Amino acid sequence: MKQDIFNYDAVSLAQKLIRFDTTNGVNPEKDCIMFIKNILDEAGMETWLISHDEARPNLFAKLKAKNPDPNIPPFVMYGHIDVVPTEDQVWDKDPFAGIIEDGYLWGRGAIDMKGEHGMMLEALLKIIEETKEGKIDLPFDIYYIAVSDEEGTSDYGMKYLVENHHEQFEGMKYAIGEIGGFSLKIMGKKLYPIQIGEKQVAEIKITAKGEGGHASMKHSGTAMERLAEAIAKLSKERLPVRIAPSVRYMMEEMSRSFGGVIGFGIKLLLKPSLTDKLLALLGTAGNLFDPLLHNSLNVTVVGGGSAVNVIPSNVWCKCDLRMVPECTMDEAITDIKSLIGSDFEIEILNYDEGMAGVDLKLYESMAAAIKKADPNGYPVPFVLQAVTDARFLARAGVQSYGFTPMDLPDDYDFTDLSHNANERVPVSALKFGAKVIYEYINDGYANNFIK
Ligand SMILES: [Zn+2]
């Protein structure tokens, strides 16, 4: 008789996962993670937990190859189990009930990212079942990793694991996770962006120093004045154009997919002397590209001075700095100084360094898997302007790809529903993704390593 767990599919799994309220900072992830662990234990996988806090564990599961090929690194799938809050949002349906209606599965996490876990787990269970039945014999190990705390700081999740349990990632080179592989209709083309990289995030402090004095006299050139001028510049103007190799690759591929005038326009954006002029012409249509073609920063905290009648000699601001992939901190500071001048002290308060270079080895095979599943789609490489746990995995030497394929209706807006009220996912998209991931593991991944 077929074991019950093998009757699970992406939809029923995602539905069950949504019913665990794992709101970051409110409810711990443990129950939801244990639910998955029990299924994978029963399926016969080796599983273990690694936790910074027992209530917020991280799950590792491994399916060992019977006849491993030493040239093929393990296949890794990973994702977070926590979700963002629903507080102050008006939902048409209970966000934790996992309701299926009119072809949609509703709930917090439907697309970020319990739906994706459902897809990965269906693919995994199918591989396990077929391996047991002797139908397939994959020559590489498979890992599934479910982590806590991505929507927070990852201090209990991936960041903790990479910083404290580096050995867990030994031998891993490539992984799939959120965000990418879902269809997006842009200017009439059905694109499937596959994430190959993401921006890097840092916090910096800029300090202006100057002569102090008594406020009864009018002073000029003070620290306050110079910092105010710097803040005005940083707020109104862009940092210089900086084209990262991965962004160049993304835009060249997009240009090829579009062809014609649009394709030509996308390519012109890569000419630094034209970039900002073209972005100005594009208006909101350029919003997709603008953050990928510059480092950017926002001044978010300002401080200095202690008494109203004293001119402060030390005034500072803290900034959220977003750097394009492959850019170094030195280069980012050079960009900032080119705008505000070098007469400031710049301190790095926090920096999650991204990958030094993007490894595109798996990209073509992933694009082919999507193209096979949807011949009308155009897979394109894509760099995310936000950040995910991929940045921590990069530090462990693992290149992540955002590859959780979904064939979505034209009027469905992934980015609009993520983190928002009425988050929902088409049931058909989950089935599509599970199938593409299964096929990719079964007949796609290994081909990248066969010479
Ligand atoms: Zn997410």
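Residues numbered from 1 in each chain as written. Predicted model: local features only at pLDDT ≥ 70, side-chain atom pairs only at ≥ 80, totals over all residues.

**Examining the environment of L349**
- Tracing the backbone through its elements, the reader meets L349 in strand 15 (residues 345-352).
- Through-space distance from the C-alpha of L349 to that of K132 is 51 Å; in sequence the pair is 217 residues apart. (Helix = DSSP H or I, 4+ residues; strand = E, 2+ residues; numbered from the N terminus.)

**A short note on the sheet that holds strand 4 (residues 100-101)**
- With antiparallel pairing, the three strands of this open sheet are ordered in space as 4-5-18. Two strands bound the open sheet, and with one partner strand each, they are strand 4 and strand 18 (424-426).
- With three bridges joining them, strand 5 (residues 104-106) and strand 18 adopt antiparallel strand pairing. Opposite Y104, over in strand 18, you have P426 as the bridge partner. (Pairing = 2+ DSSP bridges.)

**Overview of the domain arrangement of the chain**
- Split by domain assignment, the chain resolves into domain 1 (4-179 + 388-449) and domain 2 (198-352).
- The straight-line distance from the C-alpha centre of domain 1 to that of domain 2 is 35 Å. (Domains from an automatic or database assignment.)

**Concerning the sheet that holds strand 12 (residues 296-304)**
- Reading across the sheet, the four strands line up as 12-14-10-15 and stay open at both edges, with antiparallel pairing between neighbours. Looking at which strands have only one partner, the edges of the open sheet turn out to be strand 12 and strand 15. Recorded for the sheet is a direction-independent mean angle of 20 degrees between the axes of neighbouring strands.
- Where strand 10 (residues 200-209) and strand 15 come together, seven bridges link them in antiparallel fashion. When the bridges of strand 15 are listed, T207 appears paired with E345.
- Contacts from helix 10 (residues 329-340) reach strand 10, strand 14 (314-323) and strand 15 within the one sheet, and its direction differs from that of strand 15 by about 140 degrees. (Axes fitted to C-alpha atoms, helices over the stretch in contact; angles between N-to-C directions. Contact = placed C-beta atoms within 7 Å.)

**Quick word on unusual backbone geometry**
- With an omega dihedral of -10 degrees, the bond running from D112 to M113 counts as a cis peptide bond.
- Locating M113 in the fold gives a position in the loop between strand 5 and helix 3 (114-132).
- Going from E178 to I179, the amide bond is cis rather than trans, its omega being -20 degrees.
- With respect to the secondary-structure elements, I179 resides in the loop between strand 7 (174-177) and strand 8 (184-186).
- Backbone geometry at S154 places phi at a positive 70 degrees, although glycine is not the residue there.
- Looking at the secondary structure, you find S154 in the loop between strand 6 (142-147) and helix 4 (158-164).
- We note that H419 has phi near 70 degrees; this positive angle belongs to a residue other than glycine.
- Residue position: H419 is located in the loop between helix 13 (414-417) and strand 18.

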